[in-house]
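Listed here are the chains, written in short residue letters.
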Amino acid sequence: MSFSKPAVKRKVGDEHRQFQEKWEMQYFFVEHRGTPTCLICTEKVAVHKEYNLKRHYTTRHAEVYAKYQGDERANRVASLKTDLLRQQDFFKKATKENNAAVEASYVVSEMIAKAEKPFTEGEFVKKCILQAANIVCPAKKGQFSNISLSANTVADCISDLSNDIYDQLCEKAKCFSVYSVALDETTDITDTAQLAMYVRGVDDSFEVMEELLTVIPMHGQTTAQEIFHKLCDVIENVGLPWKRFVGITTDGAPSMTGRKNGLVALVQKKLEEEGVKEAIALHCIIHQQVLCSKCLKFDNVMSIVVKCINQIRSRGLKHRRFRAFLEEMESEYGDVLYFTEVRWLSRGNVLKRFFELRAEVKAFMEKDGVSLPVLSDPKWLMDLAFLVDITHELNVLNKKLQGQGQLVSAAYDNVRAFSTKLALWKAQLSQTNPCHFPACKALVDAGTPFSGDKYVDVILRLQEEFDHRFADFKTHRATFPIFADPFSFDVQDAPSVLQMELIELQCNSELKAKFREVSGKADKLGQF
């Protein structure tokens, strides 16, 4: 008994049929995007088969188009081909214009978000664009009207951009060889605690990335346990493994730094459970600098300054009169500044502006019937001048510590430099020499008596604060020089895992030349 093989059904696609050029003249067909397309009705035929094309032409168009022969038929084919291409170009143009309008919506929405403007500003921006287009290019006003900038559209665009950035961050985070996090907890204007988390990671090609990871509202208690759970959830969602966790920086709050139940302690326990080396824990160097500056009380100065500013700016009429008075006096500044405790640079800026306008403030207050004898007291004025100078120096230090891409060695060098300046100022003030205090020197040059002993105690107190703080940075200080100047670092003192690489680096003349080029440039030095 024999069995025959079942017949295999042949597929048309396996025949590899090709479009024949003669079909263009015979049946009014062209090949468009791999498919035969009728030039007359633009209908497509699925298969490159002459029978199918002939049947379509014979049954639908032969009665009308059979009369065209020779050159007349060729001209008709060319005309139909031109119409088809024009029609396709029209749809391409429409699609291109729609895509451009969508892209414009995203670009404007991004600008609104960066400028921290309300979403409803999009409608106002569109009105401005349409008015400008009506004057500059009236023919293209319709294209601008297709840009959607309603409040809902702007909100959706910003949400899409945010999600895309987060997705990109998650993709890059998967390539991190090591990473560290920084956390800061603060309260917004609605008294809701907001926990900000930053991540800084480096991949195998030594590309460093530093980005805001997320901001989480904390509606309940802000205990270390709650913050730790939020941190674990974020790390898990982003896909960061604990085995690559090497550092954590906090704002120094008790819930963050508690020895047993603080966030840092809980993170170290988690790393121990994962079998990972203990992470480097730091208290934010800028927070520590601000805490040091809080030892400058001078309540006798600040209370008068804040009182004068509030009296001037608390009422609209008086504030307007004061600004008119400054304009009449041809003053360098047009107004005094409000003091805001939570803004770290506020005190220095407010004091400097008040000191520059002290004569105008005194004259205006007396003109308004308010007597302030302290504004004429030389001792009080010298206290004000000293506070202006020392807060200005602290603000300069604060700004030096800010910014992305800084090496920890450079930040700590700025702190050490300021501590050295304090020692110099203490010695000079004890000798009644205010050469590095321009506001004090200006008063001395004007004949105001100056006694440096009073301010030596202030400098000494500030010096003690700086010596007491930054202990966590002092612990790792021995490792800083290898990053600050690897070419002069003694190989014998380097960790054994870096010694061979350090020798190769120090003997490379090309890299040594590049290092000299970027020295002193924080962003370039980090890249090196």
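Note on numbering: residues in each chain are counted from 1, in written sequence order. The predicted nature of this model means local features are confined to residues of pLDDT at least 70 and side-chain atom pairs, given and counted, to a pLDDT of 80 or more, with totals for whole chains, interfaces and linings taken over all residues. Note that the side-chain values use all heavy atoms of the structure and ignore hydrogens as well as water.

The chain is annotated in an unreviewed UniProt entry as SPIN-DOC-like zinc-finger domain-containing protein from Oreochromis niloticus.

A. Just the overall build of the chain, in detail. Numbering of helices and strands starts at the N terminus; helices are DSSP runs of H or I of at least 4 residues and strands are runs of E of at least 2. What the chain contains, in helices and strands, is 24 helices and 7 strands. Only C-alpha atoms enter the radius of gyration, while the globule expectation follows 2.2 Å times N to the 0.38, with N the number of residues. By the compact-globule yardstick of 24 Å for 528 residues, the chain is too spread out, its C-alpha radius of gyration being 37 Å. Considered along the principal axes of its C-alpha atoms, the chain spans approximately 115 × 75 × 55 Å. Burial analysis of the chain (528 residues in total) assigns 36% to the buried set. Expressed as a percentage of contacts within the chain between residues at least 6 apart in sequence, the contacts between residues at least 24 apart total 61%. Using a 1.4 Å probe, the Shrake-Rupley method yields the accessible areas, and only the shown protein chains count as cover for residues. For the chain, the computed accessible surface area is about 32,300 Å², with 52% contributed by carbon and sulfur atoms. The distance from the centre of the 70 positive side-chain charges to the centre of the 71 negative ones in the chain is 5 Å. For the exposure calls, accessible area comes from a 1.4 Å probe over protein chains only, and a residue counts as buried if that area is under 20% of its type's maximum, exposed if over 50%, partly exposed in between. Only heavy atoms matter for contacts: two residues are in contact if any of them lie within 4.5 Å across the pair. Only four residue types enter the tally: Lys and Arg on the positive side, Asp and Glu on the negative side; His and the chain ends are excluded. Lys charges are placed at NZ, Arg charges at CZ, Asp charges at CG and Glu charges at CD.

B. Molecular detail of the pattern of salt bridges. Salt bridges are counted wherever a side-chain nitrogen of Lys or Arg sits within 4 Å of a carboxyl oxygen of Asp or Glu. Counted according to the given criterion, the structure contains 14 salt bridges. Note that arginine 60 and glutamate 43 form a salt bridge whose closest N and O atoms lie 2.4 Å from each other. Residue arginine 60 is located in helix H2 (residues 50-60), and its partner glutamate 43 is located in the loop between strand E2 (35-38) and H2; the two are separated by 17 residues in the primary sequence. A salt bridge links aspartate 368 to arginine 321; the nearest nitrogen and oxygen atoms lie 3.0 Å apart. In this pair, aspartate 368 sits in the loop between helix H15 (358-367) and helix H16 (378-401) while arginine 321 sits in helix H13 (residues 316-328), placing the two residues 47 residues apart along the sequence.

C. Local environment of H15. Looking only at H15, the buried set comprises Glu360, Val361, Phe364 and Met365. Down the axis, H15 shows its buried residues gathered within 125° of arc, on one side only. Exposed side chains of H15 directed beyond 90 degrees from the buried face belong to Ala359 and Lys367. Looking at the buried side of H15, the elements it contacts are helix H12 (299-313), H13 and helix H14 (346-356). Phi turns positive, to about 85°, at glycine 369, one or two residues after H15. Along the arc lie the directions from the helix axis toward the C-beta atoms.

D. Local environment of unusual backbone geometry. Of note, the phi angle at phenylalanine 28 is positive, near 60°, even though the residue is not glycine. Judged by relative accessible area, which is 0%, phenylalanine 28 ranks as buried. The phi dihedral of phenylalanine 298 is positive, around 50°, even though this residue is not glycine.

E. Examining the UniProt feature "domain: SPIN-DOC-like zinc-finger" (unreviewed entry) in the chain more closely. UniProt positions are given in the numbering used here, feature names are shortened, and annotations may be inferred rather than shown by experiment. Following the UniProt record, one finds the feature "domain: SPIN-DOC-like zinc-finger" (unreviewed entry) at residues 20-75. Counting secondary structure, residues 20-75 comes out at 48% helix and 14% strand; the distance between its end C-alpha atoms is 19 Å.

F. Seen up close, the packing of aromatic side chains. Only centres within 6.5 Å qualify two rings of Phe, Tyr or Trp (six-membered ring in Trp) as a pair; their planes then separate them into stacked at under 30 degrees, edge-to-face at over 60, and tilted for everything else. Scanning the model with the defined rule gives 19 aromatic pairs in all. Measuring from centroid to centroid gives 5.6 Å for phenylalanine 386 and phenylalanine 437, while their planes differ by 25°, and the two rings are stacked. Taken together, the residues span a long stretch of sequence, with phenylalanine 386 in helix H16 and phenylalanine 437 in the loop between helix H17 (408-430) and helix H18 (438-445) at a distance of 51 residues. With respect to class, phenylalanine 386 is no different from phenylalanine 437; both count as buried. Both rings, one in phenylalanine 418 and one in phenylalanine 466, keep their centres 5.1 Å apart while their planes meet at 35°; by these two values the pair is tilted. With phenylalanine 418 in helix H17 and phenylalanine 466 in helix H19 (residues 453-468), this pair connects stretches of sequence that are 48 residues apart. Given a relative accessible area of 3%, phenylalanine 418 falls into the buried group. Classification of phenylalanine 466 by relative accessible area gives buried; the value is 2%.

G. Representation of a negative patch on the surface in the model. A patch consists of residues exposed above 30% relative accessible area that lack any salt bridge, with like charges linked at up to 9 Å and nonpolar side chains (Val, Leu, Ile, Met, Phe, Trp, Tyr) linked at up to 5 Å. Side chains of Asp156, Asp160, Asp164 and Asp167 sit close together on the surface and give a patch of like negative charge. Structurally, the position occupied by aspartate 160 is in helix H7 (residues 151-173). Under the relative-accessibility criterion, aspartate 160 is labelled partly exposed at 36%.

H. Summary view of the pairing of E2. Between any two strands, at least two bridges found by DSSP are needed for them to pair. Here strand E1 (residues 29-32) pairs with E2 via 4 bridges, running antiparallel. Pairing of glutamate 31 across the sheet is with proline 36, part of E2. Hairpin geometry of E1 and E2 is characterised by an intervening segment of 2 residues between the two adjacent antiparallel strands and by a positive phi of about 55° at arginine 33.

I. Structural detail: the state of the cysteines. Note that a disulfide, as used here, is simply two cysteine sulfur atoms within 2.5 Å. Per the counting criterion, the structure on display carries 0 disulfides. The cysteine cysteine 284 is free of any disulfide, with cysteine 292 supplying the nearest cysteine sulfur at 12 Å.

J. View of the nonpolar core. The set of buried Ala, Val, Leu, Ile, Met, Phe, Trp, Tyr and Cys residues whose side-chain atoms join them within 4.5 Å is what this entry labels a nonpolar core. Counting 62 residues, the largest nonpolar core has Val361, Phe386 and Phe466 as the members making the most contacts within it. Examining the composition of this core, we find that 12 residues originate from one element, H16, more than from any other.

K. Just a nonpolar patch on the surface, in detail. On the surface, a cluster of nonpolar side chains totalling about 260 Å² of accessible area is made up of Tyr198, Leu212 and Val215. Tracing the sequence through the fold places tyrosine 198 in strand E4 (residues 193-203).

L. Region of the structure containing the environment of glutamine 288. When you line up the elements, glutamine 288 lands in helix H11 (residues 285-293). Given the relative accessible area of 3%, glutamine 288 is considered buried. Taking C-alpha positions, glutamine 288 is 8.6 Å from phenylalanine 466, a pair spaced 178 residues apart along the chain. Ignoring sequence-local partners within four residues, the contact set of glutamine 288 consists of His283, Arg469, Phe470, Asp472 and Phe473.

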